Amino acid sequence: MSASSGARPGLQRVLVEFAQTLEEFRVPELVASGEVVGVNVVYNQAEADLVSSRVPEKMTPFMNIYVPSEADVIEIGKRSVLVKGFWQVLAEAKTYPQLEAAINTIPETIMEPFYGSTFSFKVHAFGKHYTQEFQRELLHKTSNMPLWDRSTVNLKNPTFKFALLENVGIANAARNVEEAPNYIYLARKICSASRHLVDKYSLKKRVYLGTTSMAAELSLIIANLAHAGPNSLVYDPFVGTGSLPVACANFGAHCLGADISPPVLRGTVPGKNPVANMAQYGLQHLLVDLITCDNSLPPMLQRPFLDAIICDPPYGVRAGAKKIGKKNTDESTEKPVRPGDSTHVPQCIAYSVPDVLRDLLELAAKTLVINGRLTYWLPTTYNFVREDLPKHPSLVLVSTSLQPLTVKWGRCLIVMEKIKDYIPLPKTTPGEASPFSNFAKIVMEDVYRRDDGDLGQRDMAELHRQQEAHRASKQERRQAKRQEITRLKKTLPHSACTAINATTPSSPQSQSNEQQHNNP
């Protein structure tokens, strides 16, 4: 990956048209797709900032890149899911009169390969929808192109596809800007990208789902950022229903998964489990194994053998994190485990956020090969900076991409790469705050709705006890209300009791009894 202020000798300019989603993920995913296929994508950093912006006045789906050849672009398109298409720019201008003049300056050597073939011509406008009649008027502005006279139009199956690409902009969409877009490109389509994979792996079609199953588009993006590809071994320590391994296997990677919950890996219904998800797409041969284990006590050898680690760790936002441990420290009341008892399920305790992060980075530093990647999700506020993120002496931060979820917080996709052999984390002295604890306080404060205290020392078990106490209190209030209604029924006249029954929701059991009484 390289950032440049302009074109470089020996490189071909290509215009990238991105899909209208996940702006901050666009450039990292495009660059990572190029790195996997061995293509160094050169781009202008100012343009990259614009396509990554969510500000309406700056938003644009177009960015120029520079690559060695069109064949390299086609290889990138086989992986990228955030790109709609790659285009060869023939002419460009700010107004249509300027564009007509630019068309007359197109070298004949560029247009000659298109003569004598079939072609289609369309109008793509970002920020504006044009009627068919107006699109035809715009196409007439390109009538000075010799292409119209020397080739044949075929809209169904053309050899070449041409288009007018207008950058109107979101901020200008409400105004009448049909005659004055921000910029206009006359371009030939080189190839499409792999947006069709988003529909192919949609969760709506998935055999086995859970509450935290990752969306297909995000899973494929993670697979690209992790450099998942043929002959690579990818590990998901919080595999769940297996959404991330499915995406990595699509690109030919061998996948290994682990989870602390046996029911999640087995599935609650026969034939519905992570293995069934892989088999649904004919990818089961790329699934190495699924392991029931605790991420704080990984069973694999602590040596470099993994090409990538991908995961969506449970931080307690939707699903609480757990690890193996004793809830009751009084060993006198603990029941002994019978030798050979395969039904024994070990006790689990809360897995704090600092411990999750420390164990994850330590696992990556020990088991990743050099240049191997760690890609994981992290819930954050919008005020965090890259310097606040957890660090490891063996890993370097590659990119961060934020997905907004609410007005207060979102989740960030962190990509790290191993650059050194394993270096142990510095040990903290008693009473000294862990850097992972400080991170949890700075970055994740609003996620847990806390305004004070050290969130790094936050006890998840205490949060669960508070939740249970809230539920119990709510149940007590309901029971007290029912008792009050019963008391009123005994003291009020029959007509008033009838009114109370009409306005009081009955329990499922009472409704069932009433149905049996009415329908003997």
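Residues numbered from 1 in each chain as written. Predicted model: local features only at pLDDT ≥ 70, side-chain atom pairs only at ≥ 80, totals over all residues. Heavy atoms only, no water.

Student: Would you take a moment to explain the overall build of the chain for this structure?
Tutor: A count of helices and strands for the chain gives 17 helices and 18 strands. For the chain, buried positions account for 45% of its 520 residues. Within the chain, contacts between residues separated by at least 24 positions form 75% of all contacts whose residues are at least 6 apart in sequence. Carbon and sulfur atoms make up 53% of the accessible area of the chain, which totals about 26,800 Å². (Helix = DSSP H or I, 4+ residues; strand = E, 2+ residues; numbered from the N terminus. Buried < 20%, exposed > 50% of the residue type's maximum accessible area, 1.4 Å probe, protein only. Contact = heavy atoms within 4.5 Å. Areas by Shrake-Rupley, 256 points an atom, 1.4 Å probe, with all protein chains shown as cover.)

Student: Could you clarify how one ought to interpret the packing of aromatic side chains in this entry?
Tutor: The description of an aromatic ring pair uses the distance of the two centres, along with the angle that the planes make with each other. All told, the structure shown has 11 aromatic pairs when counted by the stated rule. Judged by centre distance (4.9 Å) and plane angle (65 degrees), the rings of Phe 114 and Phe 160 are edge-to-face. Pair noted here: Phe 114 is in the loop between helix H5 (108-111) and strand E6 (118-126) and Phe 160 is in strand E8 (residues 160-167), with a separation of 46 residues, a long-range link. As far as burial versus exposure is concerned, Phe 114 and Phe 160 are alike and both buried. Aromatic pair Tyr 130 and Phe 134: ring centres 4.9 Å apart, planes at 55 degrees, arrangement tilted. Of the two residues, Tyr 130 and Phe 134, neither departs from the other in class, the shared state being buried. Through successive ring pairs, a cluster of aromatic residues spans Phe 114, Phe 119, Phe 121, Trp 148, Phe 160 and Phe 162. (Phe/Tyr/Trp six-rings, centres within 6.5 Å; stacked < 30°, edge-to-face > 60°.)

Student: Explain the sheet that holds strand E10 (residues 233-236) here, please?
Tutor: Note: strands within a sheet are paired through backbone hydrogen bonds, in either parallel or antiparallel orientation. Taken in spatial order, the 7 strands of this open sheet run E12-E11-E10-E13-E16-E18-E17, and their pairing is mixed. Lying at the two open borders of the sheet, with one neighbouring strand each, are strand E12 (287-292) and strand E17 (395-404). In this sheet, adjacent strand axes meet at a mean angle of 15 degrees when their direction is disregarded. As defined by bridge partners, strand E16 (residues 368-381) adjoins strand E18 (residues 409-418) across 9 bridges and the pair is classed as antiparallel. Looking at the pairing, Thr 380 lines up with Gly 410 of E18. Lying on the sheet, helix H9 (residues 216-225) is in contact with strand E13 (306-311), E16, E17 and E18; it crosses E16 at an angle near 145 degrees. (Pairing = 2+ DSSP bridges. Axes fitted to C-alpha atoms, helices over the stretch in contact; angles between N-to-C directions.)

Student: Sorry if this is basic, but what is going on with the nonpolar core here?
Tutor: One broad rule of soluble globular proteins: the nonpolar side chains tend to lie buried together. Core analysis: the largest hydrophobic core is formed by 39 residues, its most contacted members being Tyr 201, Cys 248 and Leu 283. If you list the elements that add at least two residues to this core, you get H9, helix H10 (243-250), E12, E13 and E18. A per-element tally of this core places H9 first, with 7 residues. Residue contacts for Leu 283: discarding those within four places in its chain leaves Tyr 201, Val 246, Ala 249, Asn 250 and Met 278. Core analysis: the second largest hydrophobic core is formed by 29 residues, Met 300, Leu 306, Tyr 315 and Leu 368 among them. (Core = buried A, V, L, I, M, F, W, Y, C linked by side-chain atoms within 4.5 Å.)

Student: For this particular structure, what's the right way to read helix H3 (residues 70-77)?
Tutor: Quick reminder: α-helices carry 3.6 residues per turn. Residues three or four places apart thus point the same way. Among the residues making up H3, those that are buried are Asp 72, Val 73, Ile 76 and Gly 77. End-on view of H3: buried residues confined to an arc of 140 degrees, all on one side of the axis. (Arc of directions from axis to C-beta.)

Student: Where do I start with the packing of H9 against H10 in this structure?
Tutor: Between two packed helices, both the angle of their axes relative to each other and the distance between the axes serve to describe the pair. Across the interface, H9 lies against H10 with an axial gap of 8 Å and an inter-helix angle of 60 degrees. In terms of orientation, H9 and H10 fall into the oblique class. For the pair H9 and H10, the crossing hand works out as right-handed. Of H10, the residues touching H9 (which contributes Ser 219, Leu 220, Ile 222 and Ala 223) are Ser 243, Leu 244, Ala 247, Cys 248 and Asn 250. For the contact of H9 with H10, the per-class residue count stands at 6 nonpolar, 3 polar and no charged. (Parallel < 35°, antiparallel > 145°, perpendicular 65-115°, else oblique. Left-handed = near helix turned anticlockwise from the far one by under 90°. Nonpolar A, V, L, I, M, F, W, Y, C, P; charged D, E, K, R; others polar.)

Student: Sorry if this is basic, but what is going on with a positive patch on the surface here?
Tutor: A surface patch of like charges, here positive, comprises Lys 474, Arg 477, Arg 478 and Arg 482. By secondary structure assignment, the location of Arg 478 is in helix H15 (residues 460-491). Taking the relative accessible area as the measure of exposure, Arg 478 reaches 43% and is therefore partly exposed. (Patch = residues over 30% accessible without salt bridge, like charges linked within 9 Å, V, L, I, M, F, W, Y side chains within 5 Å. Salt bridge = Lys/Arg side-chain N within 4 Å of Asp/Glu carboxyl O. Lys, Arg positive; Asp, Glu negative; His and termini not counted. Charge placed at Lys NZ, Arg CZ, Asp CG, Glu CD.)

Student: How should helix H1 (residues 26-36) be read in this particular structure?
Tutor: Among the 11 residues in H1, 9 count as buried, and that is most of the element. Residues of H1 that are buried include every one of Arg 26, Val 27, Pro 28, Glu 29, Leu 30, Val 31, Ala 32, Ser 33 and Gly 34, and no others. Phi for Gly 38, located one or two positions after H1, is positive at around 80 degrees.

Student: Please explain the pattern of salt bridges as it appears in this structure.
Tutor: Charged atoms that come close allow side chains of opposite charge to pair. Considering all chains together, one arrives at 12 salt bridges under this definition. In this structure, Arg 373 and Glu 35 form a salt bridge, with 3.3 Å as the shortest nitrogen-oxygen distance. Of this pair, Arg 373 sits in strand E16 while Glu 35 sits in helix H1, placing them 338 residues apart in sequence. With a closest N to O distance of 2.5 Å, Arg 195 and Glu 217 form a salt bridge.

Student: It is not clear to me how the packing of H1 against H9 should be interpreted in this structure. Could you clarify?
Tutor: Two elements in contact, H1 and H9, have axes whose closest approach is 8 Å; the angle formed by their N-to-C orientations is 50 degrees. On the basis of their axis angle, the class for H1 and H9 is oblique. As for the relative orientation of H1 and H9, their crossing is left-handed in sense. Residues Pro 28, Glu 29, Ala 32, Ser 33 and Val 36 of H1 pack against Ile 221, Asn 224 and Leu 225 of H9. Residue composition of the contact of H1 with H9, grouped by class: 5 nonpolar, 2 polar and 1 charged.

Worth remembering: the numbers are spatial, not functional.
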